[in-house]
Amino acid sequence: MKPGSVICLLALPLLAGCQTPVIRHAPEYSNDLVAEGKRIIAQAPAKDKNLWRLRVALLALKQNRHAEARALFNAAMPSAGAILKGDSSTRKAQSLFSPESSKGFHGEPFERTMGWFYQGVLYWMNGEPDNARACFRTAQLMDAVAEKNEFRADWILLDYLDGMVSAKLGDDGSSAFNRAQAHAGDTALPEYNTTDNVMVFLQFGFGPVKKSGGDVGEKIIYDGGFSAAQSARIRVGTQAVTAPIFDDLTYQAATRGGRAMDAILARKAGVKKVGDTLGDIATVPGIILTDSENTRDVGLALLGVGLAGKAVGGSVEPRADTRTWNNLPQYLSFASLKLPAGRHEAVIEFLDAAGNVLPNQQKHVTLNVQPNRDTVVFVADQ
Amino acid sequence: MKYTITTFIAACLLGTMACMNINSPNGPSVTEMRADERGFVAGLGIESQDLVTIAEKMARGILGAEQIANAQGKPNIVLEPIVNKTRFPISKDIFLTRIRVALTSQAKNKMNFLSRDRIDALEKERDLKLAGEVTGGEKIKANQFKGADFILTGTFEGISGRGQSGASDYVLYTFQLLDPNTSDILWEGFHEIKKQGKDDVTYR
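My aim in this report is to walk through the structure given alongside it, one point at a time. (Residues numbered from 1 in each chain as written. Chains lettered and ligands numbered in written order. Predicted model: local features only at pLDDT ≥ 70, side-chain atom pairs only at ≥ 80, totals over all residues.)

### Quick look at unusual backbone geometry
Residues and elements named next belong to chain A. Selection rule: Working definition: helices are DSSP H or I runs of at least four residues, strands are E runs of at least two. Numbering for both runs from the N terminus. The burial criterion counts other C-beta atoms lying within 10 Å of a residue's C-beta, which is placed from the backbone; the residue is buried at 20 or more, exposed at 12 or fewer, and partly exposed between these limits.
A positive phi angle, near 60°, is found at asparagine 64, a position not held by glycine. Here asparagine 64 lies in the loop between α3 (49-62) and α4 (66-76). Judged by the 13 C-beta atoms lying within 10 Å of it, asparagine 64 is partly exposed. Residue asparagine 360 is not a glycine yet carries a positive backbone phi of 60°. Structurally, asparagine 360 is set in the loop between β8 (342-351) and β9 (363-369). Owing to 5 C-beta atoms within 10 Å, asparagine 360 belongs among the exposed residues under this scheme.

### With respect to the sheet that holds strand β5 (residues 239-243) of chain A
All names here are of chain A. Keep this limit in mind: We treat two strands as partners when DSSP finds at least two bridges between them. Simply put, an axis is a line fit to the C-alpha atoms, just over the touching stretch for a helix, and the angle between two N-to-C directions goes from 0 to 180 degrees.
One open sheet holds the 4 strands; their spatial order is β5-β4-β8-β9, and the pairing between them is antiparallel. Strands at the two margins of the open sheet, each flanked by one partner only, are β5 and β9. Along the sheet, successive strands turn relative to each other by an average axial angle of 25°, direction set aside. Sheet topology places strand β4 (residues 231-236) next to β5; 5 bridges connect them, and they run antiparallel. When the bridges of β5 are listed, arginine 233 appears paired with threonine 242.

### Description of the packing of α4(A) against helix α6 (residues 109-125) of chain A
For any two helices packed against each other, the geometry is given by the interaxial angle and the distance between the axes. All names here are of chain A. Rules: Any angle from 65 to 115 degrees is called roughly perpendicular, while one under 35 is roughly parallel, one over 145 is roughly antiparallel, and all others are oblique. Left-handed describes a crossing whose near helix is turned anticlockwise from the far helix by less than a right angle; the clockwise case is right-handed. Distance between backbone-placed C-beta atoms decides contact: two residues are in contact if it is within 7 Å. For this classification, the nonpolar set comprises Ala, Val, Leu, Ile, Met, Phe, Trp, Tyr, Cys and Pro, the charged set comprises Asp, Glu, Lys and Arg, and every other residue, Gly included, is treated as polar.
Viewed as axis vectors pointing N to C, α4 and α6 meet at an angle of 140°, and their least axial separation amounts to 10 Å. One finds that α4 runs oblique with respect to α6. In this structure, α4 crosses over α6, and the sense of that crossing is left-handed. Only Gly115, Tyr118, Gln119, Leu122 and Met125 of α6 make contact with α4, whose side of the interface consists of His66, Ala69, Arg70, Phe73 and Ala76. In terms of residue class, the contact of α4 with α6 is made up of 6 nonpolar, 3 polar and 1 charged.

### Some remarks on the sheet that holds strand β1 (residues 198-204) of chain A
Residue and element names in this part refer to chain A. Pairing in this open sheet of 4 strands is mixed, and the strands run β6-β7-β1-β10 from one edge to the other. The sheet is open, and its two edges are formed by β6 (245-248) and β10 (375-380), each paired on a single side. Averaged over all pairs of adjacent strands, the angle between their axes in this sheet comes to 20°, without regard to strand direction. Pairing geometry for β1 and strand β7 (residues 331-337), over 7 bridges, is antiparallel. The residue of β7 that forms the bridge with glutamine 203 is leucine 332.

### A few points about the pairing of strand β2 (residues 209-213) of chain A
Residue and element names in this part refer to chain A. Two elements, β2 and strand β3 (residues 219-223), share 5 bridges in a ladder whose sense is antiparallel. Bridging from a neighbouring strand, valine 209 pairs with aspartate 223 of β3. Taken together, β2 and the strand that follows it, β3, pair antiparallel across an intervening segment of 5 residues, in which glycine 214 is found at a positive phi of about 80°.

### Quick word on helix α11 (residues 260-289) of chain A
Residues and elements named next belong to chain A. Convention followed: Expected span, for any helix, means 1.5 Å times one less than how many residues it has. A residue's bend is given by the angle between axes fitted to the 7 residues ending at it and the 7 residues starting at it.
Taking 1.5 Å per residue as the helical rise, α11 with its 30 residues ought to reach 44 Å, and the 44 Å between its terminal C-alpha atoms agrees with that figure. Maximal helix bending in α11 amounts to about 25°, located at alanine 282; proline proline 285 follows within four positions. Where α11 is concerned, the buried positions are Met261, Leu265, Lys268, Ala269, Lys272, Gly275, Gly279, Ala282 and Gly286.

### Overview of the interface of chain B and chain A
Listed per partner, the contact involves 23 residues of chain B and 27 residues of chain A. Counting residues per element, the ones that place at least two in the side of chain B that touches chain A are β2 (83-85) and β4 (150-163) of chain B. Top contributing element to the side of chain B that touches chain A by residue count: β4(B), with 3 residues. Looking at side-chain class alone, the side of chain B that touches chain A contains 7 nonpolar, 9 polar and 7 charged residues.

Rendered as structure tokens:
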């Protein structure tokens, strides 16, 4: 090789080393979490968009950005009468070699219920109590697929609100109230006062989170949620109303029972376990048997079976879908008041199990009570 | 021979196009349909084909009602919002609007509809005229807002079920023509629809 070529070759790495690195500017984030959420929705894969829409919709609702919340809920959730059809993503979710999370996100029943519950709150805020009731009824129906009869359609607040709207619209709300009271057990629910015109929806704490269970992650199990607040007190002028807990989301999530999809995941898990077991049993003896010429053929065959088993076992994806609508609360609560038309300042205190006010969690809400319609507010402690 | 092959390929292409179902999700991305057709995204809820069928049926029923058929002059009708007791949030005005449109087109000026849903705007305009802030106040001699001869309203009720085996929804649509002077129900029509379906196994 000529000396010139050698010098050139040596110089090339040096030049490459001197190359200015590509500077990637950190993305600019704003303090507007809803706007940032919308950016994430735009960037999310199609199968996860609904999940992000739900998370951001709830964020928008908490920030009283009702129009945005409504638009996001509408985009995230199929219509009340929709049948969730199969498509290429659901076929992929059922296939041996793709996880369940390949399918488009529509959530587990407790998440679907919460979506319809929030839609109902938004309809009521918009002055459409009968459409709100429709949403509460659809929300309750989402829970009707629970495996055990006693856990089906057992959300207390949904029946309570169904009856309350019915009573306010001049219908009989007693059967819905009785259903709610039956599910509430020993907790005495407040009687309806049809002249109440301020509805306060409250939620406390952090809701349940899904995680993988079973031998190979083929089951969904729940990490329970948490809330320091166990009730809330609403003070407006001289009035004070205590709002008890109506529903516990961890309970609702955990009592759903088996899913039809679980059978598919169990089959996948079975294939994975058989593959892995075959791999474990056949590979090592196969290697040993290939050592001797007399047993080499048998050894190679065993090794082949073992490696094939390992390959199949390693490729099968039995994992359950653990994507979670993770900004849901642990508890739902509600209270209603009667206030004259005009502007009122309300103070909402969150109380622990002993009835003590939790420090630094007070919320101040301005109520603009209008004549001839309900004023609906939504308050979260987190 | 050359023409035979060309003709064969052309026939195959035409055949393939003819076999494409417009209701198939794998078909064209956007398909214009009649409002009374059931599309491939149909569900258990209240849908456009229900709206059209019910509105046409109710309009025929109302026109056949004795009080409307034998009315002297043009009766004034007010549409009152529908009461929704189903589990489906709906735009309530759309049903009555569709019935009004069907009645207007079928009745050919035999009835008059009063715009009570715009009463605030109408009152505001009248008050501006009476105050002389806009022209036309001199033409108003007294309260000229008409009273209703009939009130048309409706109620939607439903029975819904859902379980591991699927979901079903029954909706009963009832419409009444009321006499506001006597509260008599002069005419009543109904339509009922039951639908059932099942989510894909991955969502059950």
